[in-house]
Amino acid sequence: KTYEYIEVSKQDQLGLIALNRPKVLNAINRPMVSEILDAMESFETDIGVRAIVLSGKGRAFAAGADIDEMANDNAIDFELRNQFKDWDRLAMIKKPIIGAVQGFALGGGFELALCCDLLYSADDAEFGFPEVNLGVMPGAGGTQRLTKLAGKTKAMEWLFTGKRISAREALHHGIVNQLISKELLMEETMKAAEQIANQAPISIRLIKEAILKAVDTPLNEGMEFERKNFYLLFSTDDQKEGMQAFIEKRKPHFKGK
Ligand code: HXC
């Protein structure tokens, strides 16, 4: 399958998606979002793929939603098009998504990064929500996800001012997992992704589901949810294999069943 705005490939057990509109710093237009979703959905059902790596080609991860495309939009267009349906679906992908951010991750680009489960950041990355400067605000989860991650205090400051968040600040506020030199970003991100790809896939899947549940449910509901997922893992072959391997003092071989 060929895509116009992204580059998609597979390497070992990883599904790779790279935003590929470098001339406009990977500005995210609607077809690009559909393509990202399409690629993620095919990786989601591909048993050979255990983790997805999302990155951007060129000097940015993504400098935001495509302003040229949005400039003449109006409220009813958005409503009738159900503008964010692909974004909603992106957030429901069940396999782990590992993001590699270099350069700018602004506006919709930052929101896309916030849809990742793990984020590796080049030292030079700059995050931010400049929407306020355009007379708008984030619409694909920015106010919600950033606030849940970093808290109300910094979210208000960053979103009111539109100022950039350095990679170091992003690390400090729990927005990214690790800083890596620009030269090694992809290599190190791939290593981290491989490591996750070697874990028991259904464990990873149900852990992801349970952690995302924690973000928006009261503790007792989340506890109930966690428990059901814990029980469920005991009907996998991988649980038997994982525990048997421990007992036999050997490495487990997980099949994702
Ligand atoms: C369309 C964009 C773009 C964007 C950059 N470009 N960002 N085109 N939409 N979001 C284009 C530029 O117009 C330019 O095209 C080329 O990419 C290179 O960018 P420059 O501005 O020349 O580069 P530089 O001077 O290094 O400045 C980089 C920058 C700046 C600071 C990131 O490009 C910038 O401020 N971009 C917009 C950032 C932004 O406001 N993002 C939020 C968008 S709103 P030409 O043809 O001139 O070479 C949003 C809402 C999300 O995301 C809603 C939910 C999805």
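Residues numbered from 1 in each chain as written. Predicted model: local features only at pLDDT ≥ 70, side-chain atom pairs only at ≥ 80, totals over all residues. Heavy atoms only, no water.

Remarks on the overall build of the chain
Right, on to step 1. Counting its regular elements, the chain contains 12 helices and 9 strands.
Right, on to step 2. Taken over C-alpha atoms, the radius of gyration comes to 19 Å for the chain, in line with the 18 Å a tight globule of 257 residues would show.
Right, on to step 3. Each of the three principal axes of the chain carries a C-alpha extent, and together these read 60 × 40 × 40 Å.
Right, on to step 4. Going through the 257 residues of the chain one by one, you find that 44% of them count as buried.
Right, on to step 5. In the chain, of all internal contacts separated by at least 6 residues, the share reaching a separation of at least 24 is 68%.
Right, on to step 6. For the chain, the computed accessible surface area is about 14100 Å², with 56% contributed by carbon and sulfur atoms.
Right, on to step 7. Computed over 33 positive and 37 negative side-chain charges, the inter-centroid distance for the chain is 4 Å. (Helix = DSSP H or I, 4+ residues; strand = E, 2+ residues; numbered from the N terminus. Rg over C-alpha atoms; globule rule 2.2 N^0.38 Å. Buried < 20%, exposed > 50% of the residue type's maximum accessible area, 1.4 Å probe, protein only. Contact = heavy atoms within 4.5 Å. Areas by Shrake-Rupley, 256 points an atom, 1.4 Å probe, with all protein chains shown as cover. Lys, Arg positive; Asp, Glu negative; His and termini not counted. Charge placed at Lys NZ, Arg CZ, Asp CG, Glu CD.)

Examining the environment of N229
Right, on to step 1. By the secondary structure assignment, N229 is in helix α11 (residues 219-233).
Right, on to step 2. What makes N229 buried here is its relative accessible area of 8%.
Right, on to step 3. The spatial distance from the C-alpha of N229 to the C-alpha of A210 is 7.6 Å, given a sequence separation of 19 residues.
Right, on to step 4. N229 has contacts with L206, E209 and A210, leaving out every residue within four places of it along the chain.
Right, on to step 5. There is a polar contact of 3.2 Å between the side chain of N229 and the backbone oxygen of L206. (Polar contact = N/O pair within 3.5 Å; in protein donor to acceptor, adjacent residues only side chain to side chain.)

Some remarks on the state of the cysteines
Right, on to step 1. A full pass over the atoms with the stated rule returns 0 disulfides.
Right, on to step 2. Looking at C115, it has no disulfide partner, and the nearest cysteine sulfur is the one in C116, 7.1 Å off. (Disulfide = S-S within 2.5 Å.)

Section: the confidence of the model for the chain
Right, on to step 1. Model confidence for the chain is summarised by a mean pLDDT of 97, while 100% of its residues fall at 70 or above.
Right, on to step 2. Prediction confidence for the complex, expressed as pTM and ipTM, is 0.97 and 0.98 respectively. (pLDDT = per-residue confidence, 0-100.)

What to know about the sheet that holds strand β5 (residues 104-106)
Right, on to step 1. Read from one edge of the open sheet, 3 strands run β5-β7-β8, paired in mixed fashion. The sheet is open, and its two edges are formed by β5 and β8 (165-166), each paired on a single side.
Right, on to step 2. Both β5 and strand β7 (residues 126-128) contribute to a ladder of 3 bridges, which runs parallel. When the sheet's bridge partners are listed, L106 is paired in β7 with G128. (Pairing = 2+ DSSP bridges.)

With respect to the pairing of strand β4 (residues 97-101)
Right, on to step 1. Taken across its 5 residues, β4 has 5 buried, putting it largely inside the fold.
Right, on to step 2. Judged by which residues are buried, β4 turns out to be covered on both faces: I97, G99 and V101 on one side and I98 and A100 on the other are all buried.
Right, on to step 3. Sheet analysis places strand β3 (residues 51-56) next to β4, joined by 3 bridges and oriented parallel. Bridge assignment links L54 to a residue of β4, and that residue is G99.
Right, on to step 4. One ladder, built from 4 bridges, connects β4 with strand β6 (residues 118-122); its direction is parallel. Paired with I98 across the two strands is L118, which belongs to β6.

Focus: the packing of aromatic side chains
Right, on to step 1. What the rule picks out here adds up to 4 aromatic pairs.
Right, on to step 2. Seen from their ring centres, F110 and F127 are 5.4 Å apart, and the 55° between their planes marks the pair as tilted. Taken together, the positions of F110 in helix α5 (residues 108-114) and F127 in strand β7 put the pair 17 residues apart, joining distant regions of the chain. No difference in accessibility class separates F110 from F127, as the two residues are buried.
Right, on to step 3. Centroid distance F110 to F129: 4.5 Å. Interplanar angle 25°. Geometry classified as stacked. Of this pair, F110 sits in helix α5 while F129 sits in the loop between β7 and α6 (142-150); the two residues are 19 residues apart in sequence, bridging distant segments of the chain.
Right, on to step 4. Relative accessible area serves as the criterion here: at 1%, F129 is assigned to the buried category. (Phe/Tyr/Trp six-rings, centres within 6.5 Å; stacked < 30°, edge-to-face > 60°.)

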